[in-house]
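Chains, contacts and geometry: an overview
The lines below spell out each chain.
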Amino acid sequence: MADNKPEVAVIMGSASDWETMKHACEMLDQFEVPYMKQVISAHRTPELMGEFAHNARANGLKVIIAGAGGAAHLPGMVAAQTTLPVIGVPVRSHALSGATNAGLLAVSILSTTDERLAKALQDYRDSLKEKVAESNAQLV
Ligand code: RP5
């Protein structure tokens, strides 16, 4: 009963978490509980996460299920911004993904004294934010 006056929100940090999170949705389907599902990332879309959490109760939600891999900030950061119950689901991360972050951190360090890199890093962050909105189409 997805998207029918949702009482439960199933949110996840990435569409790549869907393989795990879909099992929560299947159980809600089995019990005919109306829910919504959405990609909301703690580190890619922090403003969206705050807006979602602050408005969750007023929007009629009663329970939030939040799944994320990596450092898995999403459940805790959402719980910090709503009094609704938040059920956190740890999602297994891709192996060796830390090397990507190591490269990004090096760029970030260099960007403190390199305007070109500072702009390129902001553009990269903005592109990640856009991809989050587009990735909702993969939750099927
Ligand atoms: C986390 O990073 C997500 O929750 C996901 O588990 C992990 C990898 O995300 P992608 O690189 O697959 O988008 O934020």
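**Quick notes on the pairing of strand β2 (residues 35-39)**
- Pairing of strand β1 (residues 8-12) with β2, which is carried by five bridges, proceeds in the parallel orientation. Each bridged residue has a counterpart across the sheet, and for M12 the counterpart in β2 is V39.
- In this fold, β1 hands off to helix α1 (residues 18-30), which returns the chain to β2; that crossover is right-handed.

**Points about the site of the ligand**
- Taken together, G13, S14, S16, D17, H43, R44, A68, G69 and H94 make up all the residues around the ligand.
- Here an oxygen atom of the ligand sits 2.6 Å away from a polar atom, N or O, in the side chain of S16.
- Within the contact set of the ligand, an oxygen atom lies 3.2 Å away from a side-chain nitrogen or oxygen of R44.
- Protein contact buries 74% of the 360 Å² of open area that the ligand shows by itself.
- Partitioned by chemical class, the residues of the shell around the ligand number one nonpolar, six polar and two charged.

The rules behind these values
- Residue indices begin from 1 for each chain and proceed along its sequence in written order.
- In view of the model being predicted, local features appear only for residues whose pLDDT reaches at least 70, and side-chain atom pairs are presented and counted only at 80 or more, with totals across whole chains, interfaces and linings using the full set of residues.
- Hydrogen atoms and water are omitted, and side-chain values are computed over all heavy atoms in the structure.
- Note on pairing: two strands pair once DSSP finds at least 2 bridges between them.
- Put simply, DSSP H or I for four residues or longer makes a helix, DSSP E for two residues or longer makes a strand, and each gets a number counted from the N terminus.
- Call a crossover right-handed when, viewed with both strands pointing away from you, the route from the first strand across the helix to the second goes clockwise.
- Only a single heavy atom is needed: when it lies within 4 Å of a molecule or strand, its residue is near that molecule or strand.
- N or O atoms closer than or at 3.5 Å make up a polar contact, with two conditions inside protein: a donor-capable atom paired with an acceptor-capable one, and, for residues adjacent in sequence, both atoms drawn from side chains.
- In short, Shrake-Rupley with a 1.4 Å probe defines the accessible areas, and a residue's cover is counted only from the protein chains shown.
- Think of it as three bins: nonpolar holds Ala, Val, Leu, Ile, Met, Phe, Trp, Tyr, Cys and Pro, charged holds Asp, Glu, Lys and Arg, and polar takes everything else, Gly as well.

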